[in-house]
Amino acid sequence: MGFEGVRLREDESSGDFLSTQQEKVQHPVACVFHVLFRSLAIIIYLTCGLFFDSFIISFVIILLLHSADFWTVKNVTGRLLVGLRWWNEVLENGKNEWYFESRPKNERYLISASESTIFWTALITAPALWLFFLFATFFSFQFKWMMVVLLGLSLTGSNLYGYARCKVGAKQSLSGAAAQFLGKQVINAKVAEMNSNSSET
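Residues numbered from 1 in each chain as written. Predicted model: local features only at pLDDT ≥ 70, side-chain atom pairs only at ≥ 80, totals over all residues. Heavy atoms only, no water.

Some thoughts on the pattern of salt bridges
Turning to step 1, where the next piece is worked out: One pass over the full model with this rule turns up one salt bridge.
Turning to step 2, where the next piece is worked out: Between Asp69 and Arg38 there is a salt bridge; the shortest N-O distance is 2.9 Å. Pair noted here: Asp69 is in helix α2 (residues 55–81) and Arg38 is in helix α1 (residues 28–51), with a separation of 31 residues, a long-range link.
Turning to step 3, where the next piece is worked out: For Asp69, a relative accessible area of 1% gives the class buried. (Salt bridge = Lys/Arg side-chain N within 4 Å of Asp/Glu carboxyl O. Helix = DSSP H or I, 4+ residues; strand = E, 2+ residues; numbered from the N terminus. Buried < 20%, exposed > 50% of the residue type's maximum accessible area, 1.4 Å probe, protein only.)

Regarding the packing of aromatic side chains
Turning to step 1, where the next piece is worked out: One pass over the full model with this rule turns up 15 aromatic pairs.
Turning to step 2, where the next piece is worked out: The interplanar angle of 70° and the centroid separation of 6.1 Å between the aromatic rings of Phe141 and Phe143 together place this pair among those described as edge-to-face.
Turning to step 3, where the next piece is worked out: Of the residues examined, Phe141 reaches a relative accessible area of 63% and is grouped as exposed.
Turning to step 4, where the next piece is worked out: Under the relative-accessibility criterion, Phe143 is labelled partly exposed at 47%.
Turning to step 5, where the next piece is worked out: Three or more aromatic residues joined by ring pairs make a cluster, and in this case those are Tyr45, Phe55, Phe59, Trp130, Phe132, Phe133 and Trp145.
Turning to step 6, where the next piece is worked out: Lying across the ring of Trp86, Lys74 places its NZ or CZ 5.2 Å from the centre. (Phe/Tyr/Trp six-rings, centres within 6.5 Å; stacked < 30°, edge-to-face > 60°. Lys NZ or Arg CZ within 6 Å of the ring centre and 35° of its normal.)

A closer look at the confidence of the model for the protein chain
Turning to step 1, where the next piece is worked out: Overall, the prediction assigns the protein chain a mean pLDDT of 78, with 69% of residues at 70 or greater.
Turning to step 2, where the next piece is worked out: pLDDT under 50 marks residues 1–21. Its contacts with residues more than four places away, or in other chains, come to 54 contacts.
Turning to step 3, where the next piece is worked out: Long-range and interchain partners of residues 170–179, a stretch whose pLDDT sits below 50, account for 17 contacts in this model, where long-range means more than four residues apart. (pLDDT = per-residue confidence, 0-100. Contact = heavy atoms within 4.5 Å.)

Structural notes on the environment of Ala113
Turning to step 1, where the next piece is worked out: With respect to the helices and strands, the residue Ala113 is situated in helix α3 (residues 113–139).
Turning to step 2, where the next piece is worked out: Residue class for Ala113 comes out buried when judged on its relative accessible area of 15%.
Turning to step 3, where the next piece is worked out: When the C-alpha positions of Ala113 and Leu81 are compared, they lie 9.0 Å apart, and in sequence the two are 32 residues distant.

Some thoughts on α1
Turning to step 1, where the next piece is worked out: Considering bend angle alone, the principal kink of α1 is centred on Tyr45 and spans about 50°.
Turning to step 2, where the next piece is worked out: Here α1 has its buried residues at Ala30, Cys31, His34, Phe37, Arg38, Ala41, Ile42, Ile44, Tyr45 and Cys48.
Turning to step 3, where the next piece is worked out: Where α1 is buried, its residues contact α2, α3 and α4 (143–168). (Bend = angle between axes of the 7 residues up to and from the residue.)

Quick look at unusual backbone geometry
Turning to step 1, where the next piece is worked out: Of note, the phi angle at Phe141 is positive, near 60°, even though the residue is not glycine.
Turning to step 2, where the next piece is worked out: Mapped onto the fold, Phe141 is located in the loop between α3 and α4.

Notes on the packing of α1 against α3
Turning to step 1, where the next piece is worked out: Where α1 meets α3, the axes come as close as 10 Å, and the angle between the chain directions of the two elements is 15°. Considering their axes alone, α1 and α3 lie roughly parallel with respect to each other. At the point where α1 passes α3, the crossing takes the left-handed sense. Of the residues in α3, those in contact with Cys31, His34, Val35, Arg38, Ala41, Ile42, Tyr45 and Leu46 of α1 are Glu115, Ile118, Phe119, Ala122, Leu123, Ala126, Pro127, Leu129, Trp130, Phe133 and Thr137.
Turning to step 2, where the next piece is worked out: In terms of residue class, the contact of α1 with α3 is built from 15 nonpolar, two polar and two charged. (Axes fitted to C-alpha atoms, helices over the stretch in contact; angles between N-to-C directions. Parallel < 35°, antiparallel > 145°, perpendicular 65-115°, else oblique. Left-handed = near helix turned anticlockwise from the far one by under 90°. Nonpolar A, V, L, I, M, F, W, Y, C, P; charged D, E, K, R; others polar.)

Concerning α2
A turn of α-helix holds 3.6 residues, and therefore any two residues three or four places apart point the same way.
Turning to step 1, where the next piece is worked out: At Val73, α2 is deflected by roughly 50°, the largest bend along its length.
Turning to step 2, where the next piece is worked out: Where α2 starts, the residue carrying a side-chain oxygen 3.3 Å from the main-chain nitrogen of Ile56 turns out to be Ser54.
Turning to step 3, where the next piece is worked out: Note on α2: the residue one or two positions beyond its end, Gly83, has a positive phi of about 70°. (Polar contact = N/O pair within 3.5 Å; in protein donor to acceptor, adjacent residues only side chain to side chain.)

Right, here's the structure in full:
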C-alpha cells in the first residue's frame, strides 16, 4: 500500500476525499482495535476498585492499555481507516520536526466513510472523557488518580493533536493558525481605532 509524504494543507482534508460509495467497513479488525484498548482503559479506570485493591496494579494495567492504544492508533488504524499517519522527531538542535503521510490522490477513494466516522469519533471522545475525569479527580481531591488521568489525557491527546495537524495541514501548524488569527484581530482593532480617531477629528 503506497503512501507519500505530503503537506495536507495544500490538498483537501481527509474528510473531503471520502467516496460516498465506500460506506462498508473494510477493516473490521482495525476498527475493533481502534476502539478496544482505549475503551478498556476507561472501563478499568472506572471499575478497578471493584477488582483490584492495589493502585499499582491498576496503574500498570491502564498504562499497558494506553501504550498499546497509542501505538495502534498512531501506526496502524490511522493509516488503514483514514489514510493518514504522523510522527515526530527531535532534531540535534532540540527542535521538533513533524512528518505527515497520506494516501496518494489516486487511492483516496478507497477510504470508507463509515471507518472514518469510527476513527474520528473514538479519537475525539477518549481525550474528552479523560479531560472530564481530570476535573472530577481534582474537585474530589483524588490526587493519586490524577496521575493516571493525566497519562490517559496525554497519550490520547497526542494522537488527537497529531491527526488534527494532518487534517488542518502540515504547512500551517495549529499554533501558527492561532497566531495568524490573533494577528488579524490586532490589525482589525488598530484599523478600527484609527477610523474612530479620524472620524472624531
